[in-house]
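What the coordinates show
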Amino acid sequence: GAGVSQSPRYKVAKRGQDVALRCDPISGHVSLFWYQQALGQGPEFLTYFQNEAQLDKSGLPSDRFFAERPEGSVSTLKIQRTQQEDSAVYLCASSLVFGGFSYNEQFFGPGTRLTVL
Amino acid sequence: GENVEQHPSTLSVQEGDSAVIKCTYSDSASNYFPWYKQELGKRPQLIIDIRSNVGEKKDQRIAVTLNKTAKHFSLHITETQPEDSAVYFCAATNTGNQFYFGTGTSLTVIP
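Residues numbered from 1 in each chain as written. Chains lettered and ligands numbered in written order. Predicted model: local features only at pLDDT ≥ 70, side-chain atom pairs only at ≥ 80, totals over all residues. Heavy atoms only, no water.

**Description of the sheet that holds strand β1 (residues 5-7) of chain A**
Residue and element names in this part refer to chain A. Condition: DSSP calls a pair of strands paired once it identifies at least 2 bridges connecting them. Secondary structure elements are defined from DSSP: runs of H or I of at least 4 residues count as helices, runs of E of at least 2 residues count as strands, and each element is numbered from the N terminus. For helices, the fitted axis covers only the stretch in contact; all axes are lines through C-alpha atoms, and the angles between them, taken along N-to-C directions, range from 0 to 180 degrees.
If you walk across this open sheet you meet the 4 strands as β1-β3-β8-β7, and the pairing is antiparallel. Bordering the open sheet on either side are β1 and β7 (65-68), each of which pairs with just one other strand. Each strand of the sheet is rotated relative to its neighbour by a mean of 15°, with strand direction disregarded. Pairing of β1 with strand β3 (residues 19-24) involves 3 bridges; the strand directions are antiparallel. Note on β3: the bridge partner recorded for Q6 is C23.

Set out below in C-alpha cells:
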C-alpha cells in the first residue's frame, strides 16, 4: 500500500547509453509528475500526466528525454544517448487529482540516482 | 515562467531556538505554496502548505506566512529539535501541476 516507488534506485550508465527509469504511483492517483534534481538544487519540473495523457512536457531538457504512461498508472522516463549533464536524481511524484482548483499534495518517490560516466 | 528564490541556503540553530526560511516568487498568479522537507537520501515530504487566500497557517511547531503584495512567503519552525535537521524546499504554482521549487535550505539543529 505503500507510497510511490521508483526503480532502479541507482543507475550508472556510460555516456551514449539509453536508460529507462520506472515510476509506480500510488494506486488511484490521477496525476503523475517527473522532476530532475541536481546535486544541491531543488527539483526541476520535467513533465506531467493526467491519467495516460501527457499534458505538459515543457520541462524536458531535450528531445533525448521521453516519458510515457500508456495505461495511466506506471510511467517510464527514457533518456536516449545519455550525457554527463544528465547525471541527477530523477524524482517521480503522484497526486490524487488533477490540479486546477484543488491543489493536492504531491507524494514523491525515493528517486533514481543516475550517474553518467 | 515562475522564479522562486530561497534564503538562506544553510542555517544552523541551537536546539530550542526558532528557524526562519524565506522564499520570494515572481509570478503574481501563483496561488499555492507548499513546503517540503527532505532528509538526506530520502524523498521530499510535504510538511505544510498555504493558499493565496490565507495569510498564515500553523501546524504545531511549524507555521507559514504569505505576503501576496510583496510576493514572499516564509517557513517558521519554533522550538527546534535535532530531528528537524534536513533540507527544506519551498515551491510555488499557479496551476497545481507544474511546481517551481526553490534551491533549498539546509537546516542543522545543534543539540
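More follows now that the structure is in view.
**Observations concerning the interface of chain B and chain A**
Rules: Any two residues having at least one pair of non-hydrogen atoms within 4.5 Å are treated as being in contact. Buried area: the accessible surface (1.4 Å probe) lost by two parts on joining, summed over both. Whenever a carboxyl oxygen of Asp or Glu lies within 4 Å of a side-chain nitrogen of Lys or Arg, that contact is scored as a salt bridge. N or O atoms closer than or at 3.5 Å make up a polar contact, with two conditions inside protein: a donor-capable atom paired with an acceptor-capable one, and, for residues adjacent in sequence, both atoms drawn from side chains.
The interface of chain B with chain A comprises 19 residues on the first partner and 25 residues on the second. When chain B packs against chain A, the two sides together hide about 1,800 Å² of surface, and 50% of this comes from carbon and sulfur. On inspection of chain B and its partner chain A, the count reaches 0 salt bridges. Summed over the shared surface of chain B and chain A, the result is 4 residue pairs in polar contact (both at pLDDT 80 or more).

**With respect to the layout of surface pockets**
It is a probe the size of a water molecule, rolled over the atoms, that shows where empty space is left. Condition: Using a grid of 1 Å spacing that covers the protein atoms alone, one calls a set of points a cavity when a 1.4 Å probe fits there but cannot get out, and a pocket when the set is open and has protein on both sides within 12 Å along at least five of seven lines; lining residues are those with an atom within 4 Å of a point. Grid points are joined across faces, edges and corners, and a volume is the space filled by probe spheres set on the points.
Estimated volume of the largest pocket: approximately 630 Å³. As for the largest pocket, its lining consists of 32 residues, and the residues nearest its centre are A:Q37, A:R113, B:Q38, B:L40 and B:G41. Among the elements of the structure, β9 (88-95) and β11 (112-116) of chain A together with β9 (86-92) and β11 (105-110) of chain B are those that each provide at least two residues to the lining of the largest pocket. Top element by residues in the lining of the largest pocket is β11(A). It accounts for 4 residues. If you add up the space inside the second largest pocket, you get close to 220 Å³. Together, 14 residues line the second largest pocket, and A:G42, A:P43, A:E44, B:Y100 and B:F101 are the ones closest to its centre. Counting only elements with at least two residues in the lining of the second largest pocket, the list comes to β5 (44-50) of chain A together with β10 (100-101) of chain B.

**Thoughts on the pattern of salt bridges**
Condition: Burial here depends on accessible area, computed with a 1.4 Å probe over protein chains only, as a share of the maximum for the residue type. Under 20% is buried, over 50% is exposed, and the range in between is partly exposed.
A full pass over the atoms with the stated rule returns 6 salt bridges over all chains. For A:R22, the salt bridge goes to A:D24, with nearest N and O atoms at 2.7 Å. Among the residues examined, A:D24 registers a relative accessible area of 22% and is labelled partly exposed. For B:R61, the salt bridge identified is with B:D84, shortest N-O distance 2.9 Å. On the criterion of sequence distance, the pair formed by B:R61 in the loop between β6 (56-59) and β7 (62-67) and B:D84 in the loop between β8 (72-77) and β9 is long-range, its members being 23 residues apart. In this structure B:R61 comes out as partly exposed when scored by relative accessible area, which is 23%.

**Here we look at the state of the cysteines**
Put simply, the rule is: For the purposes of this analysis, a disulfide is any pair of cysteine sulfur atoms at a distance within 2.5 Å.
Tallying each qualifying case throughout the model produces 2 disulfides over all chains. Residue A:C23 pairs covalently with A:C92 via a disulfide, S to S 1.8 Å. Measuring the twist about the S-S bond at about -65°, one finds the A:C23-A:C92 disulfide to be left-handed. Of the two residues, A:C23 is situated in strand β3 and A:C92 in strand β9; the sequence distance between them amounts to 69 residues. No difference in accessibility class separates A:C23 from A:C92, as the two residues are buried. Paired by a disulfide, B:C23 and B:C90 hold their sulfur atoms 1.9 Å apart. Here B:C23 and B:C90 share a disulfide; its torsion about the S-S bond, -100°, makes the bridge left-handed.

**Focus: unusual backbone geometry**
Cis geometry marks the peptide bond from A:S7 to A:P8; its omega dihedral reads -10°. Counting through the fold element by element, A:P8 comes out in the loop between β1 and β2 (10-13). With omega at -5°, the peptide bond leading from B:H7 into B:P8 counts as cis. Structurally, B:P8 is set in the loop between β1 (4-7) and β2 (10-14). Of note, the phi angle at B:Q60 is positive, near 55°, even though the residue is not glycine. The phi dihedral of B:E79 falls on the positive side, at around 45°, and the residue is not glycine. With respect to the helices and strands, B:E79 occurs in the loop between β8 and β9.

Any functional reading would require information beyond the geometric quantities listed.
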